[in-house]
Amino acid sequence: MVAKSIIANDRQARETASAIEQISAALSSEQALKAIVEGLPREVIASVRRSLLTEREELASLLAAYNEAKAGRPDQLRERIGSDPGGLLVVARVARGWSQKELARRLFIPEQQVQRYEAERYRSISLGNLIRVARTLGVQLTADLPAQSHEQWLPSYEMTQAEAQKVLKHARSEGWLEKADQSDESGLSQLKRTVAEHVADHGTPSLLRTGLNVEDHSGDWLLLSWKAQVTRRAQSRIQRMKTKYKALDVSWVMELARLSAHEDGPKLAEKLLADHGIVLIIERQISGMNVDGAAFLVDETPVIGMTLRHNRIDNFWFTLMHELGHVILHYRTGLSAGFFDSTEDFAVDEFERQADEFASNILIPEELWVRSPARISNRPEPLEKLAAQLGIAPAIVFGRVRMERKNYTIFSNKLGAGKVRKSFDARQLEITQ
């Protein structure tokens, strides 16, 4: 079980209490809510309100668990961290009533060291130091060897030879391996180790939502290998980010949509998302994955991964907005498990329907769309006029018409095919380096 988020100190508790107050104020005052959702289409505002209600409930639960633990009743906090041994040490410190400074004093180390340990849930600490911290806190660490060993940190089946060759070939072409001249055996060993470490820290993708199908892909080596690589790159970005994601900050989303009108819009989108605490990673898919986009959490930071499987402007912006819909609407109700999407078919899953509606309305508000002559026109001019009115890329409108009519032969030359990768190369996207 991958640990949920917890409050670990009084500073975080104060910040959480402040966030609860701000959300409550927004939900109780139309004027305050307007400042948060200003500019968003009417159809989106109701969804944002529901997401804020969920955010407030989760933050209240977080704060209650921390306060209970400080009062010597750590059960709620203990339940949140699951089987994570690093989280258990944090809970033990809180339950003892010790600050991070007090634990540092008893360990004869700087307070900043304890802060670093706890921020990463003691993942990089040596075994000797882990035992030392546990003994200081009075925690007894035990290990168990079950009669039937089951590798829970790996997918449920061995990688087939065909899968192995797909992953290895992709890893070589995309520069994933530590050394370009690694042998097949060494390369596969590295890839399996990377996946095992990733699953231990972040769990497995639970569902792959492909249109009408919602399937269990927790044992999919291709998807796991891709997600591990996206996560590795995201972690590097997160270390340098100066902004954290805030559920109360959504009015900028319309600005994101208007970036589509720029030739370098995808790269500008990456920068704007980072400014609001969201990491965008472009990573080519492994052959056979059938994934356009993904949204999941790396610790507390939302990450959007995209494959650019369809190298078109219309597909890029709809997929980006769909995954952003998951971030904004499902931050507390599914993002920790993750969403892994193919956008070729209509979705019946409720989460996917909400993300589809979010993307559609942000790009082309429904109340404008139903009245626009572009919706029924067979000529490009009305569609281009609507795009200019909305300040978005015309390809988005052409793509919407093709999708609604289920006619993918029309306007094929209006979708910006082949243009996204030119401005947004998947292997050289580290713009913050």
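Look above for the structure.
Everything numeric in this text was worked out from a predicted model, so none of it was measured.

Examining the overall build of the chain
Move 1: Counting its regular elements, the chain contains 19 helices and six strands.
Move 2: The proportion of buried residues among the 433 residues of the chain is 49%.
Move 3: Considering only intrachain contacts with a sequence separation of at least 6, the fraction spanning at least 24 residues in the chain is 70%.
Move 4: Accessible surface, the chain: about 21,400 Å² in total, of which carbon and sulfur atoms supply 49%.

Overview of the pairing of strand β6 (residues 339-342)
Move 1: Where burial is concerned, the two faces of β6 agree: the one with Phe339 and Asp341 and the one with Phe340 and Ser342 are both buried.
Move 2: Sheet topology note: the strand β4 (residues 293-298)/β6 ladder contains three bridges and is antiparallel. From the neighbouring strand, Ala294 faces β6, where its bridge partner is Phe340.

Points about unusual backbone geometry
Move 1: Positive phi, close to 60°, is recorded for Asn290, a residue that is not glycine.
Move 2: You can see Asn290 is positioned in the loop between β3 (279-282) and β4.

A few points about helix α6 (residues 100-107)
Residue pairs three or four apart in sequence face the same way in an α-helix, which turns once every 3.6 residues.
Move 1: Within the sequence span of α6, burial applies to Gln100, Glu102, Leu103, Ala104 and Leu107.
Move 2: Phi for Phe108, located one or two positions after α6, is positive at around 60°.

Regarding the nonpolar core
Move 1: Counting 93 residues, the largest nonpolar core has Leu256, Leu320 and Leu324 as its most contacted members.
Move 2: Sequence-distant contacts of Leu324, defined by excluding residues within four places in its chain, comprise Trp252, Val253, Leu256, Leu273, Ile278, Ile304 and Phe358.
Move 3: One finds Leu177, Val199, Phe296 and Val303 within the second-largest nonpolar core, a separate group that totals 28 residues.

Concerning the packing of helix α2 (residues 30-37) against helix α3 (residues 42-70)
Helices that pack against each other are described as a pair by the angle of their axes relative to one another and the distance between those axes.
Move 1: Relative to each other, α2 and α3 sit at 105°, their axes nearing to 11 Å. As far as their axial angle goes, α3 and α2 are roughly perpendicular. Taken together, the residues of α3 that come into contact with α2 (itself represented by Glu30, Leu33 and Val37) are Ile45, Val48, Arg49 and Leu52.

Some points on helix α1 (residues 10-28)
Move 1: Taking 1.5 Å of rise per residue, the 19 residues of α1 would be expected to cover 27 Å, and the 27 Å separating its terminal C-alpha atoms lies within 8% of that figure.
Move 2: Lining the buried residues of α1 we find α2 and α3.

Overview of the side chain of Ser260
Move 1: Tracing the backbone shows Ser260 in the loop between α12 (253-258) and α13 (265-275).
Move 2: At 3.0 Å, the side chain of Ser260 and the backbone nitrogen of Ala393 are in polar contact.

Some points on the environment of Trp317
Move 1: Here Trp317 shows up in helix α14 (residues 313-329).
Move 2: Between the C-alpha atoms of Trp317 and Leu256, which are 61 residues apart in sequence, the distance is 9.6 Å.
Move 3: With near-sequence residues (within four places) excluded, Trp317 lies in contact with Leu256, Leu259, Ser260, Gly265, Pro266, Ala269, Leu363 and Ile396.

A short note on the environment of Leu107
Move 1: Position of Leu107 among the secondary structure elements: in helix α6.
Move 2: Once the C-alpha coordinates of Leu107 and Arg132 are considered, the two residues, 25 residues apart in sequence, prove to be 8.1 Å apart.
Move 3: Those residues in contact with Leu107 that sit more than four places away from it in its chain are Val114, Arg132, Val133 and Thr136.

Considering the packing of helix α9 (residues 161-174) against helix α10 (residues 184-202)
Move 1: Axis separation between α9 and α10 bottoms out at 10 Å; the angle between their running directions is 90°. If you check the angle between α9 and α10, you find them roughly perpendicular. Only Asp184, Gly187, Leu188 and Leu191 of α10 make contact with α9, whose side of the interface consists of Ala164, Gln165, Val167, Leu168, Ala171 and Arg172.
Move 2: Broken down by class, the residue content of the contact of α9 with α10 amounts to six nonpolar, two polar and two charged.

Some words on a nonpolar patch on the surface
Move 1: Where nonpolar side chains cluster on the molecular surface, the patch consists of Leu127, Ile131 and Leu141 and spans about 260 Å² of accessible area.
Move 2: Relative to the elements of secondary structure, Leu141 occurs in the loop between α8 (127-137) and α9.

Quick word on the packing of aromatic side chains
Move 1: Tallying each qualifying case throughout the model produces six aromatic pairs.
Move 2: Considering the side-chain rings of Phe398 and Phe411, the 4.9 Å spacing of their centres and the 55° angle between planes classify their relative orientation as tilted. One end of the pair, Phe398, is in helix α18 (residues 394-405); the other, Phe411, is in the loop between α18 and α19 (420-423), with 13 residues separating them in the sequence. Of the two residues examined, Phe398 and Phe411, each falls in the buried class.
Move 3: A cation over an aromatic ring shows up here: Lys227 above the ring of Phe296, its NZ or CZ 4.7 Å from the ring centre.

Section: the pattern of salt bridges
Move 1: Applying the stated criterion across every chain yields a total of 27 salt bridges.
Move 2: The partner of Glu58 in a salt bridge is Arg80, and the shortest N-O contact between them spans 2.4 Å. Placement of the pair is Glu58 in helix α3 and Arg80 in helix α4 (residues 75-81), with a sequence separation of 22 residues.
Move 3: Taking relative accessible area as the criterion, Arg80 reaches 9% and is therefore assigned buried.
Move 4: Note that Arg123 is salt-bridged to Asp299, the shortest N-O span being 3.6 Å. In this pair, Arg123 is assigned in the loop between α7 (111-119) and α8 and Asp299 in the loop between β4 and β5 (301-306), connecting sequence segments 176 residues apart.
Move 5: According to the relative accessible area criterion, Asp299 is partly exposed, its value standing at 44%.

Reading the values: rules and limits
Residues numbered from 1 in each chain as written. Predicted model: local features only at pLDDT ≥ 70, side-chain atom pairs only at ≥ 80, totals over all residues. Heavy atoms only, no water. Helix = DSSP H or I, 4+ residues; strand = E, 2+ residues; numbered from the N terminus. Buried < 20%, exposed > 50% of the residue type's maximum accessible area, 1.4 Å probe, protein only. Contact = heavy atoms within 4.5 Å. Areas by Shrake-Rupley, 256 points an atom, 1.4 Å probe, with all protein chains shown as cover. Pairing = 2+ DSSP bridges. Core = buried A, V, L, I, M, F, W, Y, C linked by side-chain atoms within 4.5 Å. Axes fitted to C-alpha atoms, helices over the stretch in contact; angles between N-to-C directions. Parallel < 35°, antiparallel > 145°, perpendicular 65-115°, else oblique. Expected span 1.5 Å × (residues − 1). Polar contact = N/O pair within 3.5 Å; in protein donor to acceptor, adjacent residues only side chain to side chain. Nonpolar A, V, L, I, M, F, W, Y, C, P; charged D, E, K, R; others polar. Patch = residues over 30% accessible without salt bridge, like charges linked within 9 Å, V, L, I, M, F, W, Y side chains within 5 Å. Salt bridge = Lys/Arg side-chain N within 4 Å of Asp/Glu carboxyl O. Phe/Tyr/Trp six-rings, centres within 6.5 Å; stacked < 30°, edge-to-face > 60°. Lys NZ or Arg CZ within 6 Å of the ring centre and 35° of its normal.

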